[in-house]
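One-letter residues, chain by chain:
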Amino acid sequence: MIAMRSTEGFLASQEDPRVFYEPGAENSAHVISSALPSSIERVEEAQYGVFVIPVKVYICATVKSYARFTGQEKSGGDTTVAKKIFISPKPENTSQRLPFVLTHELSHLHLGQRLNLYQFTGRPTWFTEGLAVFVSGGGGAESVSEAEAARSILAGQHLDPNDSHTVFSHDTASHFDLQPHMFYRQAAMFIAYLKEKNPDGFRLFISDVEKGKLFKTAVEDSFRTDLNSIWHGFVNSLSKDQKK
Ligand SMILES: [Zn+2]
């Protein structure tokens, strides 16, 4: 199984023992080591708790190697079911972008750290990706602005949070006929709305999902309503913004 491949060819960073890299990825290892403490802090604050498993970040020197460990070569980073973060050396991952990719992946790791394989992969992609983009301040949705995403939603081109497609389906952005960054940006804006509307409910919601509560039950217990109603409120708030 891909996720169980041995990572013993990676070297431990002298700067941070939680960071490992393949020869050739020294620069990225330096950037990731410098960013790691503040990225961890940000995720622990935004997702209401400390990491309960050791954080391990692996930086690949080639896209081929990245694909060997993650099973795909397009993304900038990936958090595997073995609870290891892999960082791709693809050209889009500049020194400037890497800390955002790191925080995005740490959000996934935090969300899944206590969960088994079934629970880890069983939550809707709009939720896990939206949260990761939201917590990282835009990591993974850089090419689409909030204004563009709002226009798309109001024009009827948007995700549907009631759709139960999960990471098991291959490409949820294309399922909704959206570009990946558009899908991620819309999801992040919906997550921000959930938090803004009901901060206490949001905190309970994240904690429940992290404990492995069934997603639908966590929504109902935390927000006392269903996703459909919340989504309608969200779209209304966008149309009000546009009229301002
Ligand atoms: Zn992600």
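Because the structure is a prediction, the values reported are computed rather than measured.

## Some remarks on the coordination of the zinc ion
The protein atoms that coordinate the zinc ion are His 104 (NE2), His 108 (NE2), Glu 129 (OE) and Glu 129 (OE), at distances spanning 2.1 to 2.7 Å. The coordination sphere of the zinc ion comprises 4 donor atoms, whose angles at the metal cover 52 to 141°; the geometry is irregular.

## Focus: the pattern of salt bridges
Under the definition given, this model contains 6 salt bridges. A salt bridge links Arg 97 to Glu 142; its shortest N-O distance comes to 2.9 Å. With Arg 97 in the loop between strand E5 (85–87) and helix H3 (98–112) and Glu 142 in the loop between helix H5 (125–135) and helix H6 (146–154), the pair connects residues that are 45 residues apart, well separated along the chain. In this structure Glu 142 comes out as partly exposed when scored by relative accessible area, which is 36%.

## Re the packing of aromatic side chains
Applying the stated criterion across every chain, the model contains 21 aromatic pairs. Here the aromatic rings of Phe 20 and Tyr 58 are separated by 5.0 Å at their centres, their planes lie at 15°, and the arrangement is stacked. Highlighted residues: Phe 20 in strand E2 (residues 19–21) and Tyr 58 in strand E3 (residues 57–59), separated in sequence by 38 residues. The pair Phe 20 / Tyr 58 is uniform in exposure class, with both members buried. Their ring planes at 55° and their centres at 5.1 Å tell us that Phe 205 and Phe 223 sit as a pair that is tilted. Taken as a pair, Phe 205 in helix H9 (residues 199–210) and Phe 223 in helix H10 (residues 215–223) lie far apart in primary sequence, 18 residues in all. Both residues of the pair, Phe 205 and Phe 223, belong to the buried class. An aromatic cluster of at least three residues, connected via ring pairs, comprises Tyr 48, Trp 126, Phe 127, Phe 190, Tyr 193, Phe 202, Phe 205, Phe 215, Phe 223, Trp 231 and Phe 234.

## Section: H5
Among the 11 residues of H5, 10 are classified as buried, and the element is accordingly described as predominantly covered. Residues Thr 125, Trp 126, Phe 127, Thr 128, Glu 129, Gly 130, Leu 131, Ala 132, Val 133 and Val 135 constitute the buried set of H5. Just downstream of H5 lies Gly 137, where phi reads positive at about 70°.

## Considerations on unusual backbone geometry
Although it is not a glycine, Asp 177 sits at a positive phi angle of roughly 60°. Relative to the helices and strands, Asp 177 resides in the loop between helix H7 (172–175) and helix H8 (180–197).

## Re the domain arrangement of the protein
The domain boundaries assigned to the protein delineate domain 1 (2–113) and domain 2 (123–243). Domain 1 and domain 2 are separated by 24 Å when their C-alpha centres are compared. Taken together, the contact between domain 1 and domain 2 spans 14 residues of the former and 21 residues of the latter. Sorting the residues of domain 1 by area buried against domain 2 places Tyr 48, His 104 and Leu 111 first, and these three jointly supply 47% of that buried surface. Of all the secondary structure elements, the ones that give two or more residues to the side of domain 1 that touches domain 2 are helix H1 (26–46) and H3. Of all the elements, H3 adds the most residues to the side of domain 1 that touches domain 2, at 7 residues. Here the residues of the side of domain 1 that touches domain 2 are counted per class, giving 5 nonpolar, 7 polar and 2 charged.

## Overview of the nonpolar core
Membership of the largest hydrophobic core comes to 56 residues, with the highest contact counts inside it found for Leu 106, Trp 126, Phe 127, Phe 190 and Phe 205. The two domains that each donate at least three residues to this core are domain 1 (2–113) and domain 2 (123–243). One finds Phe 10, Tyr 58, Tyr 66 and Phe 69 within the second-largest nonpolar core, a separate group that totals 7 residues.

Definitions and limits used
- Residues numbered from 1 in each chain as written.
- Predicted model: local features only at pLDDT ≥ 70, side-chain atom pairs only at ≥ 80, totals over all residues.
- Heavy atoms only, no water.
- Donors = N, O, S within 2.8 Å, 3.2 Å for Na, K, Ca; no water.
- Tetrahedral: all angles 85-135°; square planar, octahedral: opposite > 155°, others 65-115°.
- Salt bridge = Lys/Arg side-chain N within 4 Å of Asp/Glu carboxyl O.
- Helix = DSSP H or I, 4+ residues; strand = E, 2+ residues; numbered from the N terminus.
- Buried < 20%, exposed > 50% of the residue type's maximum accessible area, 1.4 Å probe, protein only.
- Phe/Tyr/Trp six-rings, centres within 6.5 Å; stacked < 30°, edge-to-face > 60°.
- Domains from an automatic or database assignment.
- Contact = heavy atoms within 4.5 Å.
- Buried area = accessible area lost by both parts, 1.4 Å probe.
- Nonpolar A, V, L, I, M, F, W, Y, C, P; charged D, E, K, R; others polar.
- Core = buried A, V, L, I, M, F, W, Y, C linked by side-chain atoms within 4.5 Å.

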